[in-house]
Structures are given as structure tokens and as C-alpha cells.
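# Tertiary structure, described
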Amino acid sequence: MAISSGLLSCALQELSKSFFRVDLSFSFFGDVALKAETRITVNEGKYLKLIYRKQHEELSRVRTTVVAKSVRVRPATVTEMLQNLAEKGLLRYTRYRGVRLTEKGFAEARKLLRKHRLLETLFVRFLDYDVQKACDEASKLDHYASEDLVNTICRAYGHPEACPCNKTIFSHEGCKENSQGEARWKVI
Ligand SMILES: [Zn+2]
Ligand SMILES: [Zn+2]
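Residues numbered from 1 in each chain as written. Chains lettered and ligands numbered in written order. Predicted model: local features only at pLDDT ≥ 70, side-chain atom pairs only at ≥ 80, totals over all residues.

Okay, helix α6 (residues 131–141) next. Within α6 the residues assigned to the buried category are A134, C135 and A138. Take α6 and look down its axis: the buried residues cluster within an arc of 100 degrees, on one side only. In α6, the exposed positions angled more than 90 degrees off the buried face are occupied by Q132, K133, D136 and K140. (Buried ≥ 20, exposed ≤ 12 C-beta atoms within 10 Å, placed from the backbone. Helix = DSSP H or I, 4+ residues; strand = E, 2+ residues; numbered from the N terminus. Arc of directions from axis to C-beta.)

What follows is the structure in C-alpha cells.
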């Protein structure tokens, strides 16, 4: 009896250890996925926005040379950045076929462009700021703006569908849902 209960507690210990191990590995992978999802640098964001605009709004094929011209850096530097973005799972890059955003890259680009276009809307409509200057300023600030801030701008202007330069402002689930009774001030 003493032996078997000893064996039992030993087996239980082993079992709990293995559960613990399983648990650990899950949280480890969870953390990695979480970090990979949120860590995008300002420079990476610039490339994502540019590639999105070329690929989905101008419907042109994205090639290294085209990107290099737009960001005014050497093609080799662009290639390096594209490979880096591919490693992060944000785009697929083949040397001869060019670049395509993955689902994750597509979502990140739209998130940034939504911020960009709502900031632009605020600068132009509230401050009567010059459209081109508003676009330049928004490019510098969009990366840092929180979703809460841009959703507040979005609600203040009644969920605009286009920015001052007539580009689409992507809708955001949750922005319209939260708008009931929340329009404390409204600017038209
Ligand atoms: Zn909205
Ligand atoms: Zn715009």
C-alpha cells in the first residue's frame, strides 16, 4: 500500500511536471506571436503603406526599383527591407515577381493608413490646414497615434469615408458601435 501510494504520488508529480512544461511552451509561443504582431518600426510602416497604395489602390505591380524611387534609397537597401518584412510574415517577396502583402501585412498597412487619413481629416477640417502639408504631417505622426485617438476623430466627423485627398478611410469594427451617446462634441 505504502509503495503504491508512493508510486501514485510520483506519477502525479511527473504528470504535473509535464502539464507545467506544456503550459510553459504555450505561453512561450503565445508571447512570440503577440510580439511579432505588434512590433513594426516607423520605417517598416512606411514601406507597408507605400506597397499597399501601389498594390491595392493604384493596382500596379510592386517592384524593388519602383519602391526605391518612391522612398529615394538604393535598390539594395530596399531589397534588404523587403526581405526583413518577409521574415516578419508581412509580405511575400520574390526577386523577379516583386512584392505582395500577406494578410497580416495588408491589415497592418490599412491600420496605418486609417490613422494617417483620419489625422489628415482633422488637420484640414478643424485647422483648415493645407492638404499637402496635412499629408506630410500625418505621415510623421500616424505611427504614434493610438486607435482610441483616431476613432475619436472618426466619430467627431461622423465616420467619414474619404480623406481630404479623396482616399478611402477604412472603417473600423467597434468605431461605429461605440458611437451611441458618445458624440460629446461634433465638428462638421
Ligand atoms: Zn468611425
Ligand atoms: Zn489623404
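That was the structure; now back to the text.
At a minimum axis distance of 11 Å, the contact between helix α2 (residues 42–57) and helix α3 (residues 64–71) shows a crossing angle of 120 degrees. Of the possible angle classes, the one that applies to α2 and α3 is oblique. For the crossing formed where α2 meets α3, the hand is right-handed. In this structure, α2 contributes K46, L50 and K54 to the contact, and α3 contributes V66, V67, S70 and V71. Classifying every residue of the contact of α2 with α3 by side-chain character gives four nonpolar, one polar and two charged. (Axes fitted to C-alpha atoms, helices over the stretch in contact; angles between N-to-C directions. Parallel < 35°, antiparallel > 145°, perpendicular 65-115°, else oblique. Left-handed = near helix turned anticlockwise from the far one by under 90°. Contact = placed C-beta atoms within 7 Å. Nonpolar A, V, L, I, M, F, W, Y, C, P; charged D, E, K, R; others polar.)

Before going further, it helps to spend a moment on the pairing of strand β1 (residues 91–94). The pairing of β1 with strand β2 (residues 98–101) spans four bridges and is antiparallel. Considered in β2, the bridge of Y93 is made with V99. From the end of β1 to the start of β2, which pair antiparallel, there are three residues. (Pairing = 2+ DSSP bridges.)

Right, let's talk about unusual backbone geometry for a bit. The backbone phi angle of L59 is positive, close to 50 degrees, even though this residue is not glycine. In this fold, L59 is placed in the loop between α2 and α3. One non-glycine residue with positive phi stands out, namely H159, at about 55 degrees. Within the secondary structure layout, H159 lies in the segment after α7 (147–156). We classify H159 as partly exposed; it has 15 C-beta atoms within 10 Å.

Turning our eyes to something else, we now look at the confidence of the model for the protein chain. Looking at the protein chain as a whole, the pLDDT averages 81, with 74% of positions reaching at least 70. The lowest-confidence element of the protein chain is helix α1 (residues 2–38), averaging 46 in pLDDT; the highest-confidence one is helix α5 (residues 103–127), averaging 97. Considering only residues more than four positions removed or in separate chains, one finds that residues 15–36, a stretch of pLDDT under 50, has two contacts. (pLDDT = per-residue confidence, 0-100.)

Before going further, it helps to spend a moment on the nonpolar core. In terms of nonpolar packing, the biggest core is built from 17 residues, with L48, I51, L91 and A109 touching the most fellow members. Every element with two or more residues in this core is listed here: α2, α4 (75–87), β2 and α5. Every residue in contact with L91, bar those within four places of it in the chain, is listed here: I51, L82, L85, A86, V99, R100, L101, T102 and G105. L122, C135, V150 and C154 belong to the second-largest nonpolar core, a separate cluster that totals 13 residues. (Core = buried A, V, L, I, M, F, W, Y, C linked by C-beta atoms within 7 Å.)

To continue, consider the packing of α5 against α6. Orientation of α5 relative to α6, taken along the N-to-C sense of each, is 135 degrees, at an axis distance of 8 Å. It follows from the interaxial angle that α5 and α6 lie oblique. Judged by the sense of rotation from one axis to the other, the crossing of α5 with α6 is right-handed. Here H116, L119, E120, F123 and V124 of α5 lie close against α6, whose contacting residues are V131, A134, C135, E137, A138, S139 and L141.

All right, on to the environment of P75 then. Mapped onto the elements of the fold, P75 is located in helix α4. When the C-alpha positions of P75 and T65 are compared, they lie 6.0 Å apart, and in sequence the two are ten residues distant. Those residues within four positions of P75 in sequence are excluded, and the remaining contacts are T64, T65 and A68.

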